[in-house]
Amino acid sequence: MANLLQGTSPRRGRQWVYYRTGAREIQPIIFCRLHAWGESDYAVARLASRALFGLLFTIFSVAPLHIPEGCSPSRYYSPLFLHFAGLLMAFSFIQAGVVGVSDTIRQRAVQSGCAFKSFTVASALAGLSMLPLEATAEWCMPIAPADMRAPPHLFNTATRKSAKLPHDVVALAAPQAAGDSHFPGCTSAPGYRSRWGLLHVEKGWTITPQVLRAANPPIQSGSVVAAQREGHWQFFDTRGEVLPSGPYRRIALLSPGLWLAHPDAGAPMLLDGNLELIHTLAAAQFRMTEDEGWHYTEGKESTVLANPAGSVHVLPLRNGRVKIHRGYAWVFGSIVQTPDGAEPDADTAKNDHASEVALFQIYGRDGRALLDDATVAALRGNLIDMIYPDYGDRQTDKDMPLAVVQGKNFDTPISLLTAAGMLVTNEEWHRIETYRVTMPLLAITKDRNVGAIAPDGSWAVQPLYRGMNKFSGSYTWAFLHQRKPVKAVLIDARGEKVAVPAMVMEGESFIEGDLLRFRATDENRLKRWGIWDIRKGALVIKPVHEDIQAIDGDWAMARHKGRWGVVNREGRWVIPATHDSHKLQYLGQGMMSVSVHVSAGTRPYGRDTEYHLVNLRTGRASEAYIDKPDALKNGLFLGRRPDGTLVLLDSKGRAKHVSDRAPKTHEQFGDWFYTSYEKRHGAADVR
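These notes cover the structure that comes with them.

Here is what the cut-offs are and how they apply
Residues numbered from 1 in each chain as written. Predicted model: local features only at pLDDT ≥ 70, side-chain atom pairs only at ≥ 80, totals over all residues. Heavy atoms only, no water. Pairing = 2+ DSSP bridges. Helix = DSSP H or I, 4+ residues; strand = E, 2+ residues; numbered from the N terminus. Phe/Tyr/Trp six-rings, centres within 6.5 Å; stacked < 30°, edge-to-face > 60°. Lys NZ or Arg CZ within 6 Å of the ring centre and 35° of its normal. Buried < 20%, exposed > 50% of the residue type's maximum accessible area, 1.4 Å probe, protein only. Salt bridge = Lys/Arg side-chain N within 4 Å of Asp/Glu carboxyl O.

Focus: the sheet that holds strand E39 (residues 475–479)
Okay, so step 1: Pairing is antiparallel across the open sheet formed by four strands, whose spatial order is E38-E39-E40-E41. Across the chains shown, the open sheet's two edge strands, defined by having one partner strand only, are strand E38 (467–468) and strand E41 (497–498).
Okay, so step 2: Note that E38 and E39 share two bridges and pair antiparallel. Within the sheet, the bridge partner assigned to Gly 467 lies in E39 and is Phe 479.

Now the structure itself:
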């Protein structure tokens, strides 16, 4: 934009004063760069201007200003007004006391971390009133604030290179798939009227915003593009030409190649990738629920289910109900039975509403029906208790059984519905745990013994014990029938006993994966904590700590003299024990976030806490961040510096990318890291 002057860089030897008008107040912003008085920081100048102009109460008028295209509307003040304003302000300084004003400004400047030179602003404004009117016009050029949109930035974390976006791009939206190189892109037309198109980060615009003219981010699947234009949705080809179908009130992409379109008149429709009709929904089924990649709509006459792969099931169920659990779609409902398959009459349909709603089918993510007809019939009329895994153990539930089945009157043996869709029954079973369980499943027999069940329903651990803790990883404690004293043995997932030293068995112990956290007596007869590696049969950390928490196979948080730190397998302190426990947070990949209190005299931007990212392999800490670092996908971490810029770090804590300035938003799309920025502010010469 011609004559756009950055607000923080006025010409040397000149003083420019301009005002920004807002909805609630007029904010004077003063930039001082005088030969005699030096320079004043932008933030301090703004604080000073508010304090100084607060001494002045006057009524004035402002004139509208036409500024170049791409900038926000503004107003400016004439040199005549600034001349008399300077006179009144100079008089106000004498009455109110310049020293008090300067002290207030200096105090706020220190709090904001900005430099401040005493009396710079006050003297400059007072000196302005001493100039003749014609000199005031020369020193106070008629300028106005100008705003321009800042371009976004797209960084590839795999190649460590920034994408070269077209110069007119002002915003990007998320791609249809993580890691995709096709992005919806936005440009700004006159008056900030946004238009969206589609671009490839290497090839540029595939459909320009001038051709597509979309008001919102477009949606693409294969060779079909959906976009909203002039209040209506349309389908387009990859050249941006309108396809025959439409217009629509709303279009949504449910999964690749599966569209949900709402015509201006009529019922919603499911369309395939070629925009061929799959099914017309009932008027009441105008909205489809999304859960774990599934889309479904329940109705009194039918239930429509779309799996993550894009296939559609139209199920003739009355009072249908869908529950998505562990990636499976459980479909319940009732079917009207007729002798010859004909449509049911009104009486039959009416009575069917009172019929029992039972399990109809279970579908996998690929759309395959899991249950055969015999299994569905065997399940009908029984109580089905779904199994909920304990995800805190980080176990896969791929092979975990789906549910425990029992008759409503509890007069039939318990059955187990496996992940393969088979019903398995064992006459010995009395109760099987179903909530927050781990594999193998704990089961109590009718004679009150405890064992563990494998994924196929067989005994993984024979029911030989009086009690048993649920498995943590591949191990657990099992309790023998001997009562006094209570004797426990360590067993694996096959029921084999695992030998551990007497020192480990002496006191309390907790299994955490392959590690055993235990408490034993040291040479000073004090109870101290250590860690034993069950799989390797070796001592990891000696029992010398007041408390200990395993965070990984190679490190643990340990307490010493009431304070916490981190030790490695050799017992060496990687992070000294000088912290409270809540100030240490493990982020994965051998990286720990450590928060540190900052004294009042050195606080960055007024914050009392700063954060460091510590590499536990080397013990090396990062620079200070003002927010807790975030763990991103693909082993990346994100920190924010005191100046607001973002630092992208790899799994070793090395900086891979630093943003140009403080971003407004940031997102991660696979290997792409996207940042957007606030509008840039400057000043335009109105002459």
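Looking at the packing of aromatic side chains
Okay, so step 1: Taken as a whole and judged by the stated rule, the model has seven aromatic pairs.
Okay, so step 2: Ring pairing ties together the aromatic residues Phe 183, Phe 669, Trp 672 and Tyr 674, which thus form one cluster.
Okay, so step 3: It is Arg 321 that lies over the ring of Phe 332; its NZ or CZ is 4.4 Å from the centre.
Okay, so step 4: The ring of Tyr 677 carries Arg 661 above its face, with NZ or CZ at 4.2 Å from the centroid.

As for the pairing of strand E18 (residues 258–263)
Okay, so step 1: For E18, the buried fraction is high: six of the six residues fall into the buried class.
Okay, so step 2: Taking every second residue as pointing to the same face, both faces of E18 are buried, with Leu 258, Leu 260 and His 262 on one and Trp 259, Ala 261 and Pro 263 on the other.
Okay, so step 3: Pairing between strand E17 (residues 248–255) and E18: six bridges, direction antiparallel. In the strand pairing of E18, Tyr 248 is matched with Pro 263.
Okay, so step 4: Adjacent in sequence and paired antiparallel, E17 and E18 are bridged by two residues, among which Gly 257 carries a positive phi angle near 85°.
Okay, so step 5: Direction of pairing for E18 relative to strand E19 (residues 269–272): antiparallel, over a ladder of four bridges. Residue pairing across strands places Ala 261 opposite Met 269, the latter belonging to E19.
Okay, so step 6: The turn linking E18 back onto E19 is made up of five residues, and Gly 266 within it adopts a positive phi angle of 115°.

Digging into the pattern of salt bridges
Okay, so step 1: Across all of its chains, the model carries 20 salt bridges by this definition.
Okay, so step 2: Of the charged contacts in the structure, one is a salt bridge between Asp 237 and Arg 239, with a shortest N-O distance of 3.3 Å.
Okay, so step 3: Taking the relative accessible area as the measure of exposure, Asp 237 reaches 13% and is therefore buried.
Okay, so step 4: Notably, a salt bridge pairs Asp 514 with Arg 535, separated by 3.0 Å at the nearest N-O pair. With Asp 514 in the loop between strand E42 (509–512) and strand E43 (515–521) and Arg 535 in the loop between strand E44 (527–533) and strand E45 (538–545), this residue pair connects regions lying 21 residues apart in the sequence.
Okay, so step 5: Looking at Arg 535, the relative accessible area reads 52%, which means it is exposed.

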